[in-house]
Number of protein chains: 2
Amino acid sequence: MPRLGSDDARARFAAARVARLATVSGDGVPHLVPVVFAVAGERVLIAIDGKPKTTRALRRLANIVENPAVCLLADEYDEDWSALWWVRVDGYAEVRDEDEALTEARALLGARYPQHVSDPPEGPVIEVTVDRWSGWTASSQE
Amino acid sequence: MPRLGSDDARARFAAARVARLATVSGDGVPHLVPVVFAVAGERVLIAIDGKPKTTRALRRLANIVENPAVCLLADEYDEDWSALWWVRVDGYAEVRDEDEALTEARALLGARYPQHVSDPPEGPVIEVTVDRWSGWTASSQE
């Protein structure tokens, strides 16, 4: 069961189309949502869709304010279990809504997801500062 | 953005081939891994692969002992964002290794995954008691 090195894990994560974001409430209850994202150096940027008034109340954002530790996972399932792999990101998140942060995130997400260009997200941005890229692949072949 | 009812969410989750399990350490740090699983009523059973000595040290198991609150997510990504959906399970986990629990889990997982029959997992079982099935689908069409 070969572990992926940090660079391989980062490259695989950056190329994935979807990841799952785990946040934790102040009293230790985890919460999961699928997210689209863009990697910028040692940061992962995640847009929040929907109207700002609604999104402010989202559990993931409330959790990040209570506890900034987050985890992201990208993985691919295949019935051939020798093709399985996953990549995990451990880090700390911050909710950002300054113009500069929103502009950067929308540009990077728009470049990855044409869906974002036609219907840009209106909410704030989750910025994850990565502590560790790790991963696993069932086979060592690329 | 239609929310799924509890029954629909449960049915979609039970049919998914992979889910992601979020556990949380005693000091509030989340951890994510992809898992194969089987639904049995209001429980989700997850096998742990590998040798018992190694698996005892797995972060997910240590976390469950420190904090039983867990979250599971099944989702499907599609470049057509109107086809997106996800289902979330909130619950509490317990690590079980009595013969009865292992026998049940292996039977249910073996029925879903032929891969398990040819190479049955040797470790203990994570049993999640479900508090809530919830979910979301981009379109209301089945």
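Residues numbered from 1 in each chain as written. Chains lettered and ligands numbered in written order. Predicted model: local features only at pLDDT ≥ 70, side-chain atom pairs only at ≥ 80, totals over all residues. Heavy atoms only, no water.

### Topic: the packing of aromatic side chains
Counting across every chain of the model gives 6 aromatic pairs over all chains. Here the aromatic rings of Trp81(A) and Tyr113(B) are separated by 5.7 Å at their centres, their planes lie at 55°, and the arrangement is tilted. Of the two residues, Trp81(A) sits in the loop between strand 6 (69-76) and strand 7 (85-96) while Tyr113(B) sits in the loop between helix 4 (99-112) and helix 5 (114-118), which places them in two different chains. Where Phe13(B) meets Phe37(B), the ring centres are 4.6 Å apart and the plane angle is 35°; that geometry is what we call tilted. (Phe/Tyr/Trp six-rings, centres within 6.5 Å; stacked < 30°, edge-to-face > 60°. Helix = DSSP H or I, 4+ residues; strand = E, 2+ residues; numbered from the N terminus.)

### Considerations on the interface of chain A and chain B
On the side of chain B, 29 residues touch chain A, which itself brings 29 residues to the contact. Summing both sides of the interface, chain A and chain B together bury roughly 2,700 Å²; the carbon and sulfur share of this comes to 69%. It is Pro30(A), Leu32(A) and Trp81(A) that lose the most area in chain A upon contact with chain B, and together they represent 24% of the buried surface on that side. Put simply, chain A and chain B have 4 salt bridges between them. Asp75(B) is the partner of Arg20(A) in a salt bridge, and the nearest nitrogen-oxygen pair spans 2.9 Å. Remark: the boundary between chain A and chain B carries 12 residue pairs in polar contact (both at pLDDT 80 or more). At 6 residues, the largest contribution of residues to the side of chain A that touches chain B is made by strand 6 of chain A. Considered class by class, the residues forming the side of chain A that touches chain B number 18 nonpolar, 5 polar and 6 charged. (Contact = heavy atoms within 4.5 Å. Buried area = accessible area lost by both parts, 1.4 Å probe. Salt bridge = Lys/Arg side-chain N within 4 Å of Asp/Glu carboxyl O. Polar contact = N/O pair within 3.5 Å; in protein donor to acceptor, adjacent residues only side chain to side chain. Nonpolar A, V, L, I, M, F, W, Y, C, P; charged D, E, K, R; others polar.)

### Describing the relation of the copies chain A and chain B
Once chain A is rotated about the relating axis by 180° and shifted along it by 0.0 Å, it coincides with chain B to within an RMSD of 0.0 Å. Here the symmetry operator amounts to a two-fold rotation axis. Using C-alpha coordinates, one finds that chain A approaches the rotation axis most closely at Gly28(A), a distance of 2.8 Å. Here 100% of the contact residues of chain A are again contact residues in chain B; the copies associate through an equivalent surface. (Least-squares fit on C-alpha atoms with pLDDT ≥ 70 in both.)

### Describing the confidence of the model for chain A
Do not read the predicted coordinates in detail wherever pLDDT is low. Residue and element names in this part refer to chain A. When pLDDT is averaged across chain A, the result is 91; 92% of the residues are at 70 or more. Here helix 2 (residues 52-55) stands out as the least confident element of chain A, with mean pLDDT 59; strand 2 (residues 19-24) is the most confident, with 98. The complex prediction reports pTM at 0.94, with the ipTM value standing at 0.93. (pLDDT = per-residue confidence, 0-100.)

### A word on the pattern of salt bridges
This structure, assessed with the given rule, holds 18 salt bridges over all chains. Residue Glu79(A) pairs with Arg17(B) through a salt bridge whose shortest N-O separation is 2.7 Å. Taken together, the positions of Glu79(A) in the loop between strand 6 and strand 7 and Arg17(B) in the loop between helix 1 (6-15) and strand 2 (19-24) put the pair across two chains. By relative accessible area, Glu79(A) is classed as partly exposed at 37%. Note on Arg17(B): relative accessible area 25%, which makes it partly exposed. In this structure, Glu127(B) and Arg96(B) form a salt bridge, with 2.7 Å as the shortest nitrogen-oxygen distance. Remark: Arg96(B) occurs in strand 7 (residues 85-96) and Glu127(B) occurs in strand 8 (residues 125-137); sequence separation between them is 31 residues. A single salt-bridge network, built from bridges that share partners, covers Arg43(A), Arg96(A), Glu98(A), Glu104(A) and Glu127(A). (Buried < 20%, exposed > 50% of the residue type's maximum accessible area, 1.4 Å probe, protein only.)

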